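Summary of structural features
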Amino acid sequence: QVQLVESGGGLVQPGGSLRLSCAASGSIFSVPVMGWYRQAPGKQRELVATINNDGTTNYADSVKGRFAISRDNAKNTAYLQMSSLKPEDTAVYYCAMAVRTTPWVVPQNYWGQGTQVTVSS
């Protein structure tokens, strides 16, 4: 079994910064993809950013230039550095990872419990 634990959410003023972390634990052989999603009240969950194990990144247009995703493969941890935050960034942020538990299985998707980010003055 694999578990993802997120941390780092909170309340921040517009223009401020926050750093989210997501640590995976359990039976892990490799993590081909790590990502962050968010869901605002009344809206569908949307992709924020992803990072492959070769370092290739992908961002939603709404966060390009403001957010940066990174990963520590030795710790099976993903990070999301958020800067120049706007009220419209307010949402529950979820970590997701495609995890391979052995070399012989296809990766399965796991989700964190979510962490609230509120951008307000």
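This text follows the structure it describes.
Thresholds, definitions, all that
Residues numbered from 1 in each chain as written. Predicted model: local features only at pLDDT ≥ 70, side-chain atom pairs only at ≥ 80, totals over all residues. Heavy atoms only, no water. Helix = DSSP H or I, 4+ residues; strand = E, 2+ residues; numbered from the N terminus. Rg over C-alpha atoms; globule rule 2.2 N^0.38 Å. Buried < 20%, exposed > 50% of the residue type's maximum accessible area, 1.4 Å probe, protein only. Contact = heavy atoms within 4.5 Å. Areas by Shrake-Rupley, 256 points an atom, 1.4 Å probe, with all protein chains shown as cover. Lys, Arg positive; Asp, Glu negative; His and termini not counted. Charge placed at Lys NZ, Arg CZ, Asp CG, Glu CD. Salt bridge = Lys/Arg side-chain N within 4 Å of Asp/Glu carboxyl O. Pairing = 2+ DSSP bridges. Axes fitted to C-alpha atoms, helices over the stretch in contact; angles between N-to-C directions.

Turning our attention to the overall build of the protein. From N to C terminus, the protein includes zero helices and 11 strands. Along the chain direction, N to C, the helices and strands of the protein fall in the order β-β-β-β-β-β-β-β-β-β-β. Expected size for 121 residues packed as a compact globule is a radius of gyration near 14 Å; at 14 Å, the protein falls within 12% of this value. Based on the C-alpha atoms only, the size of the protein along its principal axes is roughly 50 × 25 × 25 Å. A buried classification covers 42% of the 121 residues belonging to the protein. Put simply, of all contacts in the protein between residues at least 6 apart along the chain, 56% involve residues at least 24 apart. Carbon and sulfur atoms make up 48% of the accessible area of the protein, which totals about 6400 Å². Looking at charge distribution, the protein has the averaged site of its 10 positive side-chain charges lying 2 Å from that of its 7 negative ones.

Turning to the pattern of salt bridges, a few remarks are in order. The full count for this structure, using the stated rule, is four salt bridges. Residues Lys-64 and Asp-61 are paired through a salt bridge, measuring 3.1 Å at the closest nitrogen-oxygen approach. In this structure, Asp-89 engages Arg-66 in a salt bridge whose closest nitrogen and oxygen atoms are separated by 2.7 Å. Linking Asp-89 in the loop between strand 8 (77-82) and strand 9 (91-100) with Arg-66 in the loop between strand 6 (57-59) and strand 7 (67-72), this pair joins segments that are 23 residues apart in sequence. Side by side, Asp-89 and Arg-66 carry an identical accessibility label, which is buried. Taken together, the shared-partner salt bridges connect Arg-38, Glu-46, Arg-66 and Asp-89 into one network.

Within the open sheet, the four strands sit side by side as 1-3-8-7. Their pairing is antiparallel. Edge positions in the sheet fall to strand 1 (2-7) and strand 7, since each has one partner strand and no second. Strand-to-strand twist of the sheet, defined as the mean angle between neighbouring strand axes without regard to direction, takes the value 15°. With six bridges connecting them, strand 1 and strand 3 (residues 18-26) associate as antiparallel partners. Directly across from Leu-4, in strand 3, lies its bridge partner Ala-24.

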